[in-house]
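Fold and geometry: a report
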Number of protein chains: 2
Amino acid sequence: MPHPLSIGIAGLGTVGGGTLTLLKANSALIAARAGRPVAVTAVAARDRSRDRGLSLGGLRWFDDPVALANDPGIDVLVEAIGGADGVARAAVEAALAVGKPVVTANKAMLAVHGAALAGLAEAKAAPLMFEAAVAGGIPAIKALREGLAANHITRVAGILNGTCNYILTTMRAEGREFAEVLAEAQKLGYAEADPSFDIDGIDAAHKLAILAALAFGRPVDFASVHVEGIRGVSALDIAFADQLGFRIKLIGIAERTDAGVSARMHPVMVPVASPIAHVDGVFNAVAFEGDFVGRVMLEGRGAGAGPTASAIVADIIDIARGRITPPFGVAGGLLSAEPAVPIAARHGAYYLRLMVVDRPGVIADVSAILRDHAVSLESMLQRGRSEGEAVPVVLTTHVCQEAAMAAALSRIAALDAVIAAPTMLRIEAL
Amino acid sequence: MPHPLSIGIAGLGTVGGGTLTLLKANSALIAARAGRPVAVTAVAARDRSRDRGLSLGGLRWFDDPVALANDPGIDVLVEAIGGADGVARAAVEAALAVGKPVVTANKAMLAVHGAALAGLAEAKAAPLMFEAAVAGGIPAIKALREGLAANHITRVAGILNGTCNYILTTMRAEGREFAEVLAEAQKLGYAEADPSFDIDGIDAAHKLAILAALAFGRPVDFASVHVEGIRGVSALDIAFADQLGFRIKLIGIAERTDAGVSARMHPVMVPVASPIAHVDGVFNAVAFEGDFVGRVMLEGRGAGAGPTASAIVADIIDIARGRITPPFGVAGGLLSAEPAVPIAARHGAYYLRLMVVDRPGVIADVSAILRDHAVSLESMLQRGRSEGEAVPVVLTTHVCQEAAMAAALSRIAALDAVIAAPTMLRIEAL
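So, how was this worked out
- Residues numbered from 1 in each chain as written.
- Chains lettered and ligands numbered in written order.
- Predicted model: local features only at pLDDT ≥ 70, side-chain atom pairs only at ≥ 80, totals over all residues.
- Helix = DSSP H or I, 4+ residues; strand = E, 2+ residues; numbered from the N terminus.
- Rg over C-alpha atoms; globule rule 2.2 N^0.38 Å.
- Buried ≥ 20, exposed ≤ 12 C-beta atoms within 10 Å, placed from the backbone.
- Expected span 1.5 Å × (residues − 1).
- Contact = placed C-beta atoms within 7 Å.
- Nonpolar A, V, L, I, M, F, W, Y, C, P; charged D, E, K, R; others polar.
- Pairing = 2+ DSSP bridges.
- Core = buried A, V, L, I, M, F, W, Y, C linked by C-beta atoms within 7 Å.
- Least-squares fit on C-alpha atoms with pLDDT ≥ 70 in both.
- pLDDT = per-residue confidence, 0-100.

**Description of the overall build of chain A**
Tallying secondary structure elements over chain A gives 14 helices and 17 strands in all. Scaling as 2.2 N^0.38, a compact globule of 430 residues should have a C-alpha radius of gyration of about 22 Å, and chain A matches this with 24 Å. For chain A, the C-alpha atoms occupy an extent of roughly 80 × 45 × 35 Å along the three principal directions. Residues counted as buried form 55% of the 430 residues belonging to chain A.

**Some details on helix 7 (residues 162-174) of chain A**
All names here are of chain A. Compared with an ideal rise of 1.5 Å per residue, which puts 13 residues at 18 Å, helix 7 spans 18 Å between its outermost C-alpha atoms and is within 8% of the ideal. Of all the 13 residues making up helix 7, eleven are buried; the element is thus mostly covered by neighbouring parts of the structure. Buried within helix 7 we find Gly 162, Thr 163, Cys 164, Asn 165, Tyr 166, Ile 167, Leu 168, Thr 169, Thr 170, Met 171 and Arg 172. Immediately beyond the C-terminal end of helix 7, within one or two residues, lies Gly 175, with a positive phi of roughly 60°.

**Considerations on the interface of chain A and chain B**
Between chain A and chain B, the residue contacts involve 46 residues of the former and 46 residues of the latter. For the side of chain A that touches chain B, the secondary-structure elements that each account for two or more residues are helix 2 (27-34), helix 6 (140-147), strand 12 (294-301) and helix 12 (305-321) of chain A. With nine residues, the top contributor of residues to the side of chain A that touches chain B is helix 12 of chain A. Within the side of chain A that touches chain B, the residues separate by chemical class into 23 nonpolar, 14 polar and nine charged. Here three bridges tie strand 12 of chain A to strand 12 (residues 294-301) of chain B, and the two strands are oriented antiparallel to one another. In the strand pairing of strand 12 of chain B, Glu299(A) is matched with Met297(B).

**Notes on the nonpolar core**
If you look at the biggest cluster of nonpolar residues, it comprises 310 residues, and the most contacted ones within it are Leu208(A), Ala209(A), Ala212(A), Leu208(B), Ala209(B) and Ala212(B). Each residue touching Leu208(B), except ones within four places of it in the same chain, is listed here: Gly158(B), Leu160(B), Val225(B), Gly252(B), Ala254(B), Ala263(B) and Met265(B).

**A closer look at the relation of the copies chain A and chain B**
Overlay of chain A on chain B (RMSD 0.0 Å): rotation 180°, translation along the axis 0.0 Å. Accordingly, the operation relating the two chain copies is best matched by a two-fold axis. Of the residues that chain A buries at the interface, 100% are likewise interface residues in chain B, meaning the two copies contact each other through the same surface.

**A word on the sheet that holds strand 6 (residues 128-129) of chain B**
Residue and element names in this part refer to chain B. Spatially, six strands are ordered 3-2-1-4-5-6 in an open sheet, and the strand pairing comes out parallel. Of all strands in the sheet, those with a lone pairing partner are strand 3 (60-62) and strand 6, marking the two edges. Judged from the four bridges that link them, strand 1 (residues 5-10) and strand 4 (residues 76-79) form a sheet pairing that is parallel. In the strand pairing of strand 4, Gly 8 is matched with Leu 77.

**With respect to the environment of Leu370(B)**
Residue and element names in this part refer to chain B. With respect to the secondary-structure elements, Leu 370 resides in helix 13 (residues 362-372). The class for Leu 370 is buried, based on 23 C-beta atoms found within 10 Å. Excluding residues within four positions of it along the chain, Leu 370 makes contact with Val 375, Leu 377 and Ala 408.

**Observations regarding the pairing of strand 2 (residues 38-44) of chain A**
All names here are of chain A. Here strand 1 (residues 5-10) pairs with strand 2 via six bridges, running parallel. Directly across from Ser 6, in strand 2, lies its bridge partner Ala 39. Pairing analysis gives three bridges linking strand 2 to strand 3 (residues 60-62), with the strands arranged parallel. Looking across to strand 3, one finds that Val 43 is bridged to Trp 61.

**Some remarks on the confidence of the model for chain A**
Counting all residues, the mean pLDDT for chain A is 95, and 100% of those residues have values of 70 or more. Here the complex is predicted with pTM 0.96, and the ipTM for its interfaces comes to 0.95.

**Some thoughts on the environment of Ala417(A)**
Residues and elements named next belong to chain A. Within the secondary structure layout, Ala 417 lies in the loop between helix 14 (402-413) and strand 17 (423-427). The sequence separation of Ala 417 and Leu 354 amounts to 63 residues, and the corresponding C-alpha distance is 9.6 Å. Discounting residues that sit within four places of it in the chain, Ala 417 has contacts with Val 356, Val 357, Arg 359 and Val 362.

**Topic: the sheet that holds strand 5 (residues 102-104) of chain A**
Strand order in this open sheet of six strands is 3-2-1-4-5-6 (chain A), and the pairing throughout is parallel. Single-partner strands in this sheet number two, and they are strand 3 and strand 6 (128-129) of chain A.

Structure (structure tokens):
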């Protein structure tokens, strides 16, 4: 029997603790699939005295994750601390610098420093693996980087944040407003006390930046991802979406166009007939489109101790078997920084909801502005009538350019009869 | 630049031709992802003069696939001939015997001879790869064998035959009968002239046998898969399924139970709320359940030149990169032949449709028989009344054992008032 692969885990929260638990629970199976035993021998965390419900007996303890990374008794560093910088990054850099394989779930770090870390990994011939950083237990990175490696990828679309998907699913199922459902999700532990990282789309955008780099062979470029969250989605819009045959989901889309790569994370109206429209609750999904394979979609749990640990240990098994791939699928020198396409260049259809004073001529004014900006209406819907009062008017457009829509919208918002900020949602036929 | 990896393709039908086309079309991308150029240098097929719409210039031609396999100028054999035995198997065995990597899409061969071929591959340290054998372009093998390798898999469920799924989807969408939709599918090229391999569930069962071996770490055992096709599914049952909140799909299910491994391919009534219920047309899907990851589902095109070639070339890229795994995920000596659980041992709910003469007492007789066999009714539905005429009666049961259901059903079928063979469908909460 070969020598066990010795694992050091930095960070003993949900992710690190889950990894420790999984490696112990399924040790015989993992040894068979890895071709050798895999054993955690050391951990690093801040507070030694805290009860985490984990059995830490027999494990060496490090207060400093960098010291753990540098320890010669450790073959693989699992970084489960989190955060784009600080000790997480220091520990990863320390391990890679001595050619030691790193497995991380840290999407923020990869989104911001992924290109530099991949360069370091390549220079030192050290594997840098991050299946757990995107879509939790779904083997999305492996599917894209290896399973679909023969394809030019034309589009990646994903529901990448379970908190947002849970909130939107619950808002629709129960007809409730965002703030109320968020508060409940916080009570249930589905949302953080400070939820902005999730609900403002940042966490999901980190993951999209990583997927876009892999899909299109470019250095990770989080700064060029257009990000909007779900705070502005109302129960009224979800109800209108239902009537029109759509669902509202927070979806990240990265596309290769003639002008470059577009990457954006925002609420989307997606047709009910689309498979991604049926991905509900805390589930995540990622859909890839390749030139030979067509559309492939993967769905599963995007967070939680079990799914995240499943992804981390899969990476460890790959390392144990010697199944190594450059971090972004090709040698760093072959990555090319294609231009980023701004959101203003989007071509697509739009949903608009206006709160207007119900009086003659309002629709005529709105229609005239849209016409002036070459935006063509597909449908118009006004529910209810109460002269002189505020009523919602819903419009959908044919495909137009976002810059034109934005210009029209600012004029529409300035109309006297329009008494609240208009809601604009992008329609995507995914 | 390293020496190109030299590929020999045996068989130039849809799969072999598609692979040749893909390797040429995306050669620069593939070289980057493989870390070296990949080039087809030789092919083998029966008829050299046939026009396949492929450019074969510069390729060496072999009439005999075994000679191609043995040719020292070939680094990897792609077997795209098909059939469990004959030259396909001979060529694969010849390549493996000299330690040469093999990539194959041949599910029949793997389902029947997979254990022996894996043994040969292991003995000669030759990779034997078969992503294209299951679910076409979906990287299902890689997801299961590598991506979910940390998990004890408890269940695999899949829509694994696009022809059947297309027929069932069309029957439902258009309210038409099986024979009519099959004839049309044959005209459109979605079904073979001799369709039995597809519609009787054999092709899908081959794929299920391979997945079950990977999921449960046992030698492939096609003989123990219970197989039923879709010839018996009627438009009437599809309509009743709709009313009851189900879809009828041909689904393969492999489960680990306390008694061993159960593997069965048959039409299933699946709740509309299940993600797999929405996989329509020629699409395939595979859902895995793991002890840590929970449920992961993959969906995509299960057949056709492009998707199949995508899977074959992914395997070639793995070989080029040295990402090698034992064919069934663990060393052959670690596979254990768990007992096969017969279909009679299934515990589950059932849908029954009886054509009965509409007269008093029939339901009482049927109910009494079910009670005698400890089968508990969940619902009963009789649509329409026309005394003395034949009417359909639909029953659904609570969970019971299949052996009890089968015994009850043979007594029900023998009742005077039951004027046609009853239809029985298994209900699965996937």
